[in-house]
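Letter by letter, the chains look like this.
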Amino acid sequence: MLWRPGPGEPELAFIHRPKYGDWSFPKGKLKRREHLLAAARREVYEETGIRPVLGRPLAPSFYDKEGRLKRVDYWCATPAAEAVDDAVDPSEVDGLEWVPLSRAAERLTHERDRPVLADFASNPVRRTVPYIFVRHAVAMSKADWFDQDELRPLNRRGRERAAELAVLLSGYPSGTAYCSSSGRCLETLLPYCAGEGVPLIGLPEFTIGGAKPGRAQRRMDRLIEDGEPAVICGHGENLTELMEHFCHRLGADAPPESDLAKGSFRVFHTSEGRLVATEHHD
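The structure presented is a predicted model; accordingly, all values stated were derived computationally and were not measured.

## Here we look at the packing of aromatic side chains
Counting across every chain of the model gives six aromatic pairs. Geometrically, the ring pair formed by Phe-246 and Phe-268 is tilted, given 5.3 Å between the ring centres and 55° between the ring planes. Here Phe-268 lies in strand E11 (residues 265-271) and Phe-246 lies in helix H7 (residues 236-249), a separation of 22 residues in the sequence. Considered together, Phe-246 and Phe-268 belong to a single accessibility category, that of buried residues. Through successive ring pairs, a cluster of aromatic residues spans Tyr-131, Phe-133, Phe-246 and Phe-268. Above the plane of the ring of Tyr-45 lies Arg-51, whose end atom (NZ or CZ) is 3.8 Å from the centre. Its guanidinium or amino end placed over the ring of Trp-23, Arg-107 lies 5.2 Å from that ring's centre, counting from NZ or CZ.

Here it is in structure tokens:
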């Protein structure tokens with residue numbers, strides 16, 4: 001759901017597909033082994049020439065396609081830059097129009113798209129601020145490491161996951177990355193920070209065994225007060241507690257399953273000090 005501020009109200013991007021003769025939202029299919037987030041950004045770019053910055057997730061759309069149930073996942077998104085015209089194949093998409101929100105429903109061809117539009121309009125349409133909690137990727141085994149535990153690095157699989165995270169995290173608004181001062185946490189975010197030019201700050205208060213009681217919560221309070229996008233990477237032993245404290249400060253319930261697998265992340269989308277949506281990606 002690509003949108004931008006308009007003269008009097010938000011405007012939504014609609015594409016015209018000559019194959020079907022319809023007006024709809026940009027969307028497409030996953031490639032083999034492609035992550036949903038990467039597919040969403042790629043398809044929007046291929047159909048509009050616009051690189052999207054992802055906001056809150058919307059309710060998925062379900063419909064029957066030749067006897068099979070088809071699911072389409074949506075996000076709110078804003079343009080990162082002006083459109084690149086030659087990025088779009090005219091045989092796939094031969095029209096792009098920005099339609100005011102009040103006239104969007106009448107432009108839609110398919111009834112199945114209307115609940116997605118209603119979900120988009122159900123919250124005030126504004127850019128959200130993401131706080132992304134990442135559990136560090138897989139590190140070398142403790143049994144194979146004979147130096148300080150804080151220096152224990154990622155293994156090969158962990159480094160591969162760190163490279164994947166660099167692609168996935170780059171789809172959200174960038175701010176500052178904070179992590180435990182352990183090597184495995186720093187390594188997990190380093191490819192993302194280097195690729196996006198995002199500052200990476202190692203914090204003793206987010207490090208297991210290295211923080212006095214309450215310091216991690218006080219640091220999280222300051223991040224909330226800043227109101228800027230943030231990525232926080234920590235350990236399984238403390239990340240759940242940080243997420244629960246974050247939700248409590250925003251007056252929301254923590255997700256029922258807060259634990260994250262190594263290399264996984266959860267995104268909390270906020271607006272004006274309120275939690276508006278969450279998503280979890282393995």
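## Quick look at the pattern of salt bridges
Tallying each qualifying case throughout the model produces 16 salt bridges. We note a salt bridge from Glu-43 to Arg-42, for which the minimum N-O separation is 3.3 Å. Classification of Glu-43 as buried rests on a relative accessible area of 11%. As a salt-bridge pair, Glu-164 and Arg-161 come within 3.1 Å of each other at their nearest N and O atoms.

## Regarding the layout of surface pockets
Looking at the largest pocket, its volume works out to about 970 Å³. Around the largest pocket, the lining comprises 34 residues; the ones closest to its centre are Lys-27, Gly-28, Lys-29, Glu-43 and Lys-70. Sorting the residues of the lining of the largest pocket by element identifies helix H1 (36-48), strand E4 (52-65) and strand E5 (68-79) as the ones contributing at least two each. Ranked by residue count, the leading element in the lining of the largest pocket is E5, at eight residues. Looking at the lining of the largest pocket, its residues break down into 17 nonpolar, three polar and 14 charged.

Thresholds applied
Residues numbered from 1 in each chain as written. Predicted model: local features only at pLDDT ≥ 70, side-chain atom pairs only at ≥ 80, totals over all residues. Heavy atoms only, no water. Phe/Tyr/Trp six-rings, centres within 6.5 Å; stacked < 30°, edge-to-face > 60°. Helix = DSSP H or I, 4+ residues; strand = E, 2+ residues; numbered from the N terminus. Buried < 20%, exposed > 50% of the residue type's maximum accessible area, 1.4 Å probe, protein only. Lys NZ or Arg CZ within 6 Å of the ring centre and 35° of its normal. Salt bridge = Lys/Arg side-chain N within 4 Å of Asp/Glu carboxyl O. 1 Å grid on protein atoms, 1.4 Å probe; cavity = no way out; pocket = protein on both sides within 12 Å on 5 of 7 lines; lining within 4 Å. Points joined across faces, edges and corners; volume = space filled by probe spheres on them. Nonpolar A, V, L, I, M, F, W, Y, C, P; charged D, E, K, R; others polar.

Don't take any of this as a statement about function, it's just geometry.
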